[in-house]
Every structure is written in C-alpha cells, then in structure tokens.
Amino acid sequence: MEPAQNTPAPVPDPGPEPPARPAPRRRRTARTVGLIAIAAVIGLVGGTAVGYSIQADREPTPLPPLNQPGLAYPKPLPKGQKQKRLPAAEDRQAKAQGDLRKLLVPKPAGAKEDEYAEDVDGWMTVDTFAAMFENPGEALEEQLDLEIRRVAATSWTTGEHKRTHIRLIQYRSAAVLGAQEFAEGQHAYLPDEDWADEDGTPIKGSTDGRSYVFPVDRKPGYLDLYEARAVFHRGDIAVEIFITDTKKISGKEIRSLAERQLGRL
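Remember, it's a predicted structure, so these values are computed and weren't measured experimentally.

## Focus: the overall build of the protein
A tally of regular secondary structure across the protein gives 6 helices and 8 strands. Listing each helix as α and each strand as β along the protein from the N terminus yields α-α-β-β-α-α-β-β-α-β-β-β-β-α. At a minimum sequence separation of 6, the contacts of the protein that also span at least 24 residues come to 56%. Within the structure as shown, the protein displays about 19600 Å² of accessible surface, and the carbon and sulfur contribution to it stands at 55%.

## Comments concerning the confidence of the model for the protein
Averaged over all residues, the pLDDT of the protein is 81; the fraction at 70 or higher stands at 68%. The low-confidence segment residues 14-33 (pLDDT under 50) makes 0 contacts with residues lying over four places distant or belonging to another chain.

## Observations concerning helix α5 (residues 178-189)
Two residues of an α-helix separated by three or four positions point the same way, owing to the 3.6 residues in each turn. When the terminal C-alpha atoms of α5 are compared, their 17 Å separation across 12 residues agrees well with the 16 Å that a helix rising 1.5 Å per residue should span. Buried within α5 we find Gly178, Ala179, Phe182, Ala183, Gln186 and His187. On its buried face, α5 sits against α3 (126-130), α4 (136-145), β4 (162-171), β6 (210-213), β7 (226-234) and β8 (237-245).

## Brief notes about the pairing of β8
Most of β8 is tucked away: 8 of the 9 residues are buried. The pairing of β4 with β8 spans 8 bridges and is classified as antiparallel. Bridge assignment links histidine 165 to a residue of β8, and that residue is phenylalanine 242. Where β7 and β8 come together, 9 bridges link them in antiparallel fashion. Of the residues in β8, the one forming a bridge with histidine 233 is alanine 238.

## Remarks on the packing of aromatic side chains
For the structure on display, the rule yields 5 aromatic pairs. Summarising the aromatic geometry, the rings of phenylalanine 129 and phenylalanine 182 are spaced 6.0 Å apart at their centres and angled 55 degrees between planes, so their arrangement reads as tilted. Of this pair, phenylalanine 129 sits in helix α3 while phenylalanine 182 sits in helix α5, placing them 53 residues apart in sequence. Each of the two residues, phenylalanine 129 as well as phenylalanine 182, counts as buried. Plain terms: the ring middles of tyrosine 189 and tryptophan 195 are 4.9 Å apart, the flat faces sit at 70 degrees to each other, and that makes the pair edge-to-face. Residue class for tyrosine 189 comes out partly exposed when judged on its relative accessible area of 22%. Following the ring pairs from residue to residue traces out a cluster consisting of Phe129, Phe133, Tyr171 and Phe182.

## A few points about the pattern of salt bridges
A complete count under the given rule lists 7 salt bridges for this structure. Residues aspartate 114 and arginine 163 are paired through a salt bridge, measuring 2.8 Å at the closest nitrogen-oxygen approach. Linking aspartate 114 in the loop between β1 (112-113) and β2 (123-124) with arginine 163 in strand β4, this pair joins segments that are 49 residues apart in sequence. Exposure remark for aspartate 114: the relative accessible area of 7% places this residue in the buried category. Among the residues examined, arginine 163 registers a relative accessible area of 25% and is labelled partly exposed. Here arginine 229 makes a salt bridge to glutamate 227, at a shortest N to O gap of 2.8 Å. In this structure, arginine 229 and glutamate 227 share a single accessibility class: buried. Residues joined by salt bridges that share partners form a network here, namely Asp99, Arg101 and Asp121.

## Topic: the pairing of β6
In the sheet, strand β5 (residues 201-202) pairs with β6 via 2 bridges, with the strands oriented antiparallel. Paired with proline 202 across the bridge in β6 is arginine 210. The pairing of β6 with β7 spans 4 bridges and is antiparallel. Counterpart to arginine 210 in the pairing with β7 is valine 231.

## Focus: the nonpolar core
Counting residues in each nonpolar core, the largest one holds 23 residues, and the members touching the most others are Ile166, Leu168, Phe232, Ile237, Val239, Ile241 and Leu265. At the level of elements, β3 (148-158), β4, β7, β8 and α6 (251-263) are the ones that each hand at least two residues to this core. In contact with isoleucine 241, other than residues within four places in its own chain, are His165, Ile166, Ala228, Arg229, Ala230, Phe232, Ile254, Leu257, Ala258 and Gln261.

Each value, and the rule that gives it
Residues numbered from 1 in each chain as written. Predicted model: local features only at pLDDT ≥ 70, side-chain atom pairs only at ≥ 80, totals over all residues. Heavy atoms only, no water. Helix = DSSP H or I, 4+ residues; strand = E, 2+ residues; numbered from the N terminus. Contact = heavy atoms within 4.5 Å. Areas by Shrake-Rupley, 256 points an atom, 1.4 Å probe, with all protein chains shown as cover. pLDDT = per-residue confidence, 0-100. Expected span 1.5 Å × (residues − 1). Buried < 20%, exposed > 50% of the residue type's maximum accessible area, 1.4 Å probe, protein only. Pairing = 2+ DSSP bridges. Phe/Tyr/Trp six-rings, centres within 6.5 Å; stacked < 30°, edge-to-face > 60°. Salt bridge = Lys/Arg side-chain N within 4 Å of Asp/Glu carboxyl O. Core = buried A, V, L, I, M, F, W, Y, C linked by side-chain atoms within 4.5 Å.

In structure tokens, the structure reads:
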C-alpha cells in the first residue's frame, strides 16, 4: 500500500495556554483614592459646618475660674472705689516729664566743680552734645532722626585728676525708640579693640546696661590715662557715664555709680 501524498506533518500539542496577565489596576486605584479624598473633604466641610451650626445654637460656656485668683491684675476694687493715682515720686513718666536735671545723681560731698564742664546750668544743647562725637555732623543728623528732645548733664572732679560726667539724653515718645537705639549703638562699638577692648559687665537692674573699663592709655610725655564708661537706657532716657583718672578705676566704682543713677529714673 502506497503512503498518502501531501500529508502534513503532525503538530506537537503545545499544552494548555498560559493564563492571561491581569490588566493593571493603577488607574482604578488612583480613581478610588481620588474618590475617597473627595468624600473626606466633603465630610470634613460638612462636619465643620454642622459643628459650627450646633455651637452657634448653644449658650456660651463660661471660662473656669483661675486656680490662683490673686494673680489677676489689676485687682478689682470694691464697688464705688476708684483707682488711686501714683504719687509723682513713684510715677516714672511724671518724673521724666518734669525737670530732667533733678533726676541726675547729686555731686558727692567734697567734689569740686569741673572747670571744663560742657553743660550750662545743668543743660547741654543738642549741637554741643553732637560735638562730643568724632563726626559731629553725622552725629547731629542721627540724633535728629532719633528725635532727640533734650540733654541734662552734670560733672565734677574729685582728688587731683579724677573727673566724672553724667548725661541724661531724652528722646520724644514716638515710633522711633530713640533711647534704646542710642544705647544699642554705643554698645555696638565700645567692645572693639580701639575702645574698651572688652564685652563689658551688666548693670544690675537694667535690661541693656553695661559698664566698661578701658585699658590704660600711655603716651610719652603724658600721665597715664584710665577711663571707665557705663551706658544704659530706661524708657525714653538714655544715660552715659564717664570716669577718667590718672589712676586705675575699678569696675565696682563705675557700676555702683550707674546703679545709683538708674535708681533715680
């Protein structure tokens, strides 16, 4: 028997087809997350609106009493009584608006008048005050920008060469904090090597006050020169204190004088 002609060769069975790869669910997941976010926002807004509505319909809840009622300030007065005004001696603002010279520390017993004093009857003009600086023109312009009002000053000599100067520089009450800015400006350069060459020591009772004891200044043909300064402010008044001598000045001396002057403001 002859074999059949043109008979195709048998094809091997490939076996079961692999399962189809599941379609990615990223789009559906993103959509689901978006729906959840929208629902959360709607729920939040709706819940907030409902909460405000409920709260608006309620009676206001009184605050609980203080655990320490005595801390309330000012303390309530009995019915029919009015708050008493501070006496002038305790009212700092009233003192500052009066004769500024009365706030200066008085000259110590045995002190002599300083023949080189820059003040006249306890007052120093603004241009005279500006002339104390290295650049009087710039200093005058700066003081006018800070709205300087007046300067009270005193000075005296003790011993053979010791001189003490005190200046109260008052500024107008305005948006510019003149007294504070002036004090900060002095503190900015006094610690430099060409000046006190130290950071200074805080003055007790002052927020920004510092005292400085300078290194001795020696020059051929001259006596040794020692210097100490104190700078601080209280309210609208800035204070400068200078002590110079041919003998060493202690930090305690300049701080003590500064604390006494501060106590009068």
